[in-house]
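One-letter residues, chain by chain:
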Amino acid sequence: MESCDVLIVGGGPAGSTLAWKLRTAGLDVLILDKKTFPRDKTCAGWITPAVVETLKLDTADYARGRVFQPIRRFVTGIIGGKEVHTGYDAPVSYGIRRFEFDDYLLQRCGARVALGEPFKNLKHDGDGWVVNDKLRAPLVIGAGGHFCPVARYLGANLGADEQIVAAQEIEFEMSAAQQLACNVAEDRPELYFCDDLKGYGWIFRKGNFLNIGLGREDNHKLAEHVSSFCDGLKQRGRIPSDIPTKFHGHAYLLYPLAPRQLVDDGLLLIGDAAGLAYPQSGEGIRPAIESAILAADTILAARGNSRRAQLEPYVAQLTARFGKRLHGEAPPIPGRFAQQLKQTLANWLLRREWFARHVVIDRWFLHRQQPPLPG
Ligand SMILES: Cc1cc2nc3c(=O)[nH]c(=O)nc-3n(C[C@H](O)[C@H](O)[C@H](O)COP(=O)(O)OP(=O)(O)OC[C@H]3O[C@@H](n4cnc5c(N)ncnc54)[C@H](O)[C@@H]3O)c2cc1C
């Protein structure tokens, strides 16, 4: 039987960030992941400067041989409508490839790893847990993303009674001919909202890689929305006509609507497993690494005591950072007239340059109003 102080299920940004902080404090940490790394993750691969700062990312080292695309401009609008251009003097975000980013963070964190090994079971063992009948730890962290198996042990009814955002995406390396046919600038992601405001599509070029996707608050006819979004982009000569057709789907929870229980005796959830993505943009990497930092603070303050009461401060810290959750209550549904009024108003606002800059980009997508969490 192998043992460690903290066993983390999932080696994505949440898991590797927590491991990095705990290892720095001298704890023995083991990360279990069903995939071998490097591995891909369905994601647009957009990170904000706050992520770079909290992770203390050595950008010169990172950019050596990896995609690290500064972003200085944006195009926003409603799908098929007027395009609004917003520019900045310096980079306000970066494009990365999850294939590279997650592997870099995992290698950097200094934890022991068990890769290519899926989580199978969790059993009580005295004051702690045994995972897969062979790994013993007093504290097990669920960092396995939206479908994290540890979340089930905390009562999550994955995919059943949760209000999810569903998204589909492709990322591929363009051929020379496709690069010529692609009219998307490398430092300028394009974001287009669905006209019912229930989601948005994006095109994001990172060097020779093109990332196209669309996410919506409901899964209904998602593939049709994606295909009509892509058809429109092709008609306007934005993207090559021969992009791959097999999009990858994934789901996530928006923080205010995530009903999951986050801690119990010897168990704690971070990142997408906890359902932390920002509601307007769906950005999840920043909340994932911030939740890991907050969890590390709580775990270190608990000094080896993993009882629920010792882990509760983490939940309070998440609330202080991200606000209150609705705990399963549905948000008020506006009446039909109110919905139409909201749509008309939003359509009008989304054409305005000041709204695009100060609300859509600065607040919703860059979260500039919230200073980075010290890493
Ligand atoms: C289409 C799409 C686009 C997105 N674009 C962005 C973006 O541009 N910027 C942004 O900030 N966020 C984006 N997000 C959200 C972002 O991808 C997530 O919030 C982020 O990956 C969460 O990190 P995590 O470490 O919590 O989980 P993950 O990155 O999902 O990592 C979980 C890890 O757990 C492992 N795992 C899962 N199940 C098991 C198991 N049973 N046993 C062992 N290991 C397991 C997985 O292999 C994986 O390595 C996007 C999401 C989607 C769906």
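Before reading on, note that the structure itself is shown above.
What you see is a predicted model; the values in this text were computed from it and never measured.

> Just give me the short version of the pairing of strand 16 (residues 199-206), but keep the residues and values in it.
With 8 of 8 residues buried, strand 16 is to be regarded as a mostly interior element. Taking every second residue as pointing to the same face, both faces of strand 16 are buried, with G199, G201, I203 and R205 on one and Y200, W202, F204 and K206 on the other. Across 4 bridges, strand 15 (residues 190-193) lies against strand 16 in antiparallel orientation. The partner of E190 across the bridge, within strand 16, is I203.

> With reference to specific residues and values, describe the packing of helix 1 (residues 13-24) against helix 8 (residues 285-302).
Helix 8 packs onto helix 1 with a crossing angle of 35° between their chain directions and a minimal axis gap of 8 Å. Between helix 1 and helix 8 lies a crossing whose hand is right-handed. Where helix 1 approaches helix 8, its residues P13, A14, T17, L18, W20, K21 and L22 are matched on the opposing element by I285, A288, I289, A292, I293, A295, A296, I299 and L300. Counted by class, the contact of helix 1 with helix 8 contains 14 nonpolar, 1 polar and 1 charged residues.

> Can you break down a nonpolar patch on the surface residue by residue, with the values?
Taken together, the side chains of L345, W348 and W354 present a nonpolar region at the surface, about 360 Å² in accessible area. Inspection of the secondary structure assignment puts W348 in helix 10 (residues 336-349). A relative accessible area of 44% means that W348 is categorised as partly exposed.

> I'd love a proper account of the nonpolar core, names of residues and values included.
I8, L18, V140, I141, I270 and Y314 are the most contacted members of the largest nonpolar core, which totals 60 residues. Those residues within four positions of V140 in sequence are excluded, and the remaining contacts are L7, V9, L122, W129, V131, V150, G266, L267 and L268.

> Tell me what's going on with the site of the ligand, and back it up with residues and numbers.
The environment of the ligand is formed by 36 residues, the closest being D33, W46, R98, D272 and I285. Contacts to the ligand include K41, whose side-chain N or O atom sits 3.3 Å from an oxygen atom. Against a free-state accessible area of 1,000 Å², the protein chains account for coverage of 93% of the ligand. When its residues are assigned to classes, the shell around the ligand shows 16 nonpolar, 11 polar and 9 charged.

> Outline the packing of aromatic side chains, supporting the account with residue identities and numerical values.
Overall, the coordinates contain 19 aromatic pairs when judged by the stated rule. Judged by centre distance (5.2 Å) and plane angle (85°), the rings of Y200 and F365 are edge-to-face. Pair noted here: Y200 is in strand 16 and F365 is in helix 11 (residues 353-365), with a separation of 165 residues, a long-range link. Accessibility assignment for this pair places Y200 and F365 in one class, buried. These aromatic residues form a ring-pair network of at least three members: W46, F74, Y88, F193, Y200, W202, F204, W354, F355, W364 and F365. Sitting above the plane of the Y62 ring, R66 keeps its charged end 5.3 Å from the centroid. One residue, R108, lies across the ring of W20, its end atom 4.2 Å from the ring centre.

> Give me the lowdown on helix 7 (residues 222-235), citing residues and values where you can.
Its 14 residues place the ends of helix 7 20 Å apart at the C-alpha level, agreeing with the 20 Å of an ideal helix rising 1.5 Å per residue. Taken residue by residue, helix 7 has L222, V226, F229, C230 and L233 as its buried positions. Down the axis of helix 7, the sector holding all buried residues measures 95°, keeping them to one side. Turned more than 90 degrees away from the buried face of helix 7, the exposed residues are E224 and Q235. At its buried positions, helix 7 is contacted by strand 14 (164-173), strand 15, strand 16 and strand 17 (209-216). Backbone geometry just downstream of helix 7 places G237 in the positive-phi region, at approximately 70°.

> How would you summarise the packing of helix 8 against helix 9 (residues 308-322) if you had to cite specific residues and measurements?
Close contact between helix 8 and helix 9 brings their axes to 9 Å; oriented N to C, the two are set at 145°. Here the hand of the crossing between helix 8 and helix 9 comes out right-handed. Contacts between helix 8 and helix 9 involve R286, P287, E290, S291, L294, A295, D297, T298 and A302 from the former and Q310, L311, P313, Y314, Q317, L318, R321 and F322 from the latter. Looking at the contact of helix 8 with helix 9 residue by residue, the classes come out as 9 nonpolar, 4 polar and 4 charged.

> How would you sum up the pattern of salt bridges? Please name residues and give values.
Scanning the model with the defined rule gives 23 salt bridges in all. The closest approach of N and O atoms between E83 and R236, which form a salt bridge, is 2.4 Å. Here R236 lies in the loop between helix 7 and strand 18 (248-253) and E83 lies in the loop between strand 6 (73-78) and strand 7 (84-87), a separation of 153 residues in the sequence. A residue is classified by how much of its surface remains accessible, and E83, at 24% relative accessible area, is partly exposed. R260 is paired through a salt bridge with E162; the nearest N and O atoms lie 2.8 Å apart. On the criterion of sequence distance, the pair formed by R260 in the loop between strand 18 and strand 19 (263-264) and E162 in the loop between helix 5 (149-153) and strand 14 is long-range, its members being 98 residues apart. Classification of R260 as buried rests on a relative accessible area of 2%. Salt bridges sharing partners connect three or more residues here, namely E83, R188, E190, R236 and R238.

Analysis parameters
Residues numbered from 1 in each chain as written. Predicted model: local features only at pLDDT ≥ 70, side-chain atom pairs only at ≥ 80, totals over all residues. Heavy atoms only, no water. Buried < 20%, exposed > 50% of the residue type's maximum accessible area, 1.4 Å probe, protein only. Helix = DSSP H or I, 4+ residues; strand = E, 2+ residues; numbered from the N terminus. Pairing = 2+ DSSP bridges. Axes fitted to C-alpha atoms, helices over the stretch in contact; angles between N-to-C directions. Left-handed = near helix turned anticlockwise from the far one by under 90°. Contact = heavy atoms within 4.5 Å. Nonpolar A, V, L, I, M, F, W, Y, C, P; charged D, E, K, R; others polar. Patch = residues over 30% accessible without salt bridge, like charges linked within 9 Å, V, L, I, M, F, W, Y side chains within 5 Å. Areas by Shrake-Rupley, 256 points an atom, 1.4 Å probe, with all protein chains shown as cover. Salt bridge = Lys/Arg side-chain N within 4 Å of Asp/Glu carboxyl O. Core = buried A, V, L, I, M, F, W, Y, C linked by side-chain atoms within 4.5 Å. Near = heavy atom within 4 Å. Polar contact = N/O pair within 3.5 Å; in protein donor to acceptor, adjacent residues only side chain to side chain. Phe/Tyr/Trp six-rings, centres within 6.5 Å; stacked < 30°, edge-to-face > 60°. Lys NZ or Arg CZ within 6 Å of the ring centre and 35° of its normal. Expected span 1.5 Å × (residues − 1). Arc of directions from axis to C-beta.

Honestly, it's all geometry; don't read function into it.
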